[in-house]
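Chain residues, written in single-letter form:
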Amino acid sequence: MHERQYVITFGCPDRKGIVSRISSFLAEIGGWIVEAAYHTDPDTGWFFTRQAVKADSVPFDIDELRARFAGVARSLGSETDWSVDDTGQRPRVVILVSKEGHCLYDLLGRVASGELDADVRAVIGNHDVLSDITQAHGIPFHHVPFDGDGANAFDQIAKLVDEHDPHAVVLARFMRILPPELCEAWAGRAINIHHSFLPSFIGARPYHQAYARGVKLVGATCHYVTPDLDAGPIIEQDVIRVDHRDTVSDMVRKGRDIEKVTLARGLRWHLERRVLVHGNRTVVL
């Protein structure tokens, strides 16, 4: 059982005294800091921090902590680029899928084993082939088929997702492009995984294209979803080696392995409030 913590994430224009101001505030309220990380981006002059304090060291509830920290944030020049979260509240997750199940199987297994602390509220698929495994884990599965332009289907998906107000909407090999209005509504919460060949091997059969080119690495990219297809802020990437002995099937299998690990890692960091976004880049603290 993990110790309950309050996690503060914060960003503002860099200047002298930021660390002192935040640490003094926490000391004044009795906050016991158990983890602290800082970074300044020299290109943008933006300061980032993540602070975790023992929840039982703070003599009031999280709403009062937020209200008091808001004053600190304003004094440092940031009205909105901050959050205070309670690790005692399991983060809510909704997963979107199509037919490929490797990422879903992996995430459900990690949640069931306690390795990934998340409350998966629902799985939504534009095909129903993954309904059995979802329901075997005691999680509702919603089949939303796509007909015509898909606008009605996305309206249904949005309604199903939003009723849970999730901390993360995971596109676990969901083979549909989110419309711009959902990218905006779920900004900073919608997380996608794709192979890291992009933009080199675009379109269908990327592994066949890579095999023909004789690539030596395959990989995966976990990123936030934006209206710019596959171009959102990157959370995590990883690679695995391939060589001349590997068939296309071998490359696909290895690619799926690295997709599972990369998505799980990126989702964990997101749910732990370790990912701070500034523009089209992220800092993972």
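Residues numbered from 1 in each chain as written. Predicted model: local features only at pLDDT ≥ 70, side-chain atom pairs only at ≥ 80, totals over all residues. Heavy atoms only, no water.

Visitor: Talk me through the sheet that holds strand E5 (residues 92–97); I want residue IDs and the actual numbers.
Guide: If you walk across this open sheet you meet the seven strands as E7-E6-E5-E8-E9-E10-E11, and the pairing is mixed. Bordering the open sheet on either side are strand E7 (141–143) and strand E11 (234–241), each of which pairs with just one other strand. Here the average twist between neighbouring strands, direction ignored, is 20°. Across five bridges, strand E9 (residues 190–195) lies against strand E10 (residues 217–224) in antiparallel orientation. Opposite Ile193, over in E10, you have Cys222 as the bridge partner. On top of the sheet, helix H8 (residues 248–271) reaches E5, strand E8 (168–171), E9, E10 and E11; it is set at about 150° to E11, its chief contact. (Pairing = 2+ DSSP bridges. Helix = DSSP H or I, 4+ residues; strand = E, 2+ residues; numbered from the N terminus. Axes fitted to C-alpha atoms, helices over the stretch in contact; angles between N-to-C directions. Contact = heavy atoms within 4.5 Å.)

Visitor: How would you explain H8 if you had to name every residue and give the values?
Guide: With 24 residues, H8 should reach 34 Å at 1.5 Å per residue; the first-to-last C-alpha distance of 34 Å fits that figure. Following H8 by one or two positions, Arg273 adopts a phi angle in the positive range, close to 60°. (Expected span 1.5 Å × (residues − 1).)

Visitor: Explain the environment of Thr247 to me, using residue names and the numbers behind them.
Guide: Of note, Thr247 is situated in the loop between E11 and H8. Its relative accessible area of 37% is what places Thr247 among the partly exposed residues. In sequence terms Thr247 and Tyr211 are 36 residues apart; their C-alpha atoms lie 7.6 Å from each other. (Buried < 20%, exposed > 50% of the residue type's maximum accessible area, 1.4 Å probe, protein only.)

Visitor: Quick rundown of the packing of aromatic side chains? Include the residues and the values.
Guide: The tally for this structure, following the rule as stated, stands at seven aromatic pairs. Grouped by ring-pair contacts, the aromatic residues Phe10, Phe25, Phe69 and Trp82 constitute a single cluster. Directly above the aromatic system of Trp32 lies the positively charged group of Lys54, at a separation of 3.4 Å from the ring centroid. (Phe/Tyr/Trp six-rings, centres within 6.5 Å; stacked < 30°, edge-to-face > 60°. Lys NZ or Arg CZ within 6 Å of the ring centre and 35° of its normal.)

Visitor: Before we move on, can you summarise the pattern of salt bridges with the specific residues and values?
Guide: A complete count under the given rule lists 25 salt bridges for this structure. Arg253 serves as the salt-bridge partner of Asp250, at 3.3 Å between the closest nitrogen and oxygen. Residue Asp250 and its partner Arg253 are located together in helix H8, separated by three residues, close to a single helical turn. Assessed through its relative accessible area of 43%, Arg253 is described here as partly exposed. The shortest N-O distance in the salt bridge between Lys260 and Asp257 comes to 3.5 Å. Taken together, the residues Lys260 and Asp257, both in helix H8 and three residues apart, mark about one turn of the helix. You can call Asp257 partly exposed: its relative accessible area is 33%. (Salt bridge = Lys/Arg side-chain N within 4 Å of Asp/Glu carboxyl O.)

Visitor: Tell me what's going on with the side chain of Thr9, and back it up with residues and numbers.
Guide: Mapping Thr9 onto the fold places it in strand E1 (residues 5–13). A residue is classified by how much of its surface remains accessible, and Thr9, at 7% relative accessible area, is buried. A distance of 2.7 Å separates polar atoms of two side chains, one belonging to Thr9 and the other to Ser83. (Polar contact = N/O pair within 3.5 Å; in protein donor to acceptor, adjacent residues only side chain to side chain.)

Visitor: Tell me what's going on with the nonpolar core, and back it up with residues and numbers.
Guide: Residues Ile95, Val170 and Leu263 are the most contacted members of the largest nonpolar core, which totals 31 residues. At the level of elements, E5, helix H3 (102–112), strand E6 (119–125), E8, E9, E10 and H8 are the ones that each hand at least two residues to this core. One finds Tyr6, Ile18, Ile22 and Val58 within the second-largest nonpolar core, a separate group that totals 23 residues. (Core = buried A, V, L, I, M, F, W, Y, C linked by side-chain atoms within 4.5 Å.)

Visitor: Tell me what's going on with the sheet that holds strand E2 (residues 33–41), and back it up with residues and numbers.
Guide: For sheets, the rule is that strands pair by backbone hydrogen bonds, running either parallel or antiparallel. The four strands lie next to each other as E2-E3-E1-E4, forming an open sheet whose pairing is antiparallel. Unpaired on one side and paired on the other, E2 and strand E4 (82–86) mark the two borders of the sheet. Pairs of neighbouring strands in the sheet enclose a mean axial angle of 10°, with direction left out of account. Relative to strand E3 (residues 46–54), E2 runs antiparallel, the two sharing eight bridges. Bridge pairing links Ala37 to Arg50 in E3. Lying on the sheet, helix H1 (residues 18–28) is in contact with E1, E2 and E3; it crosses E3 at an angle near 20°.

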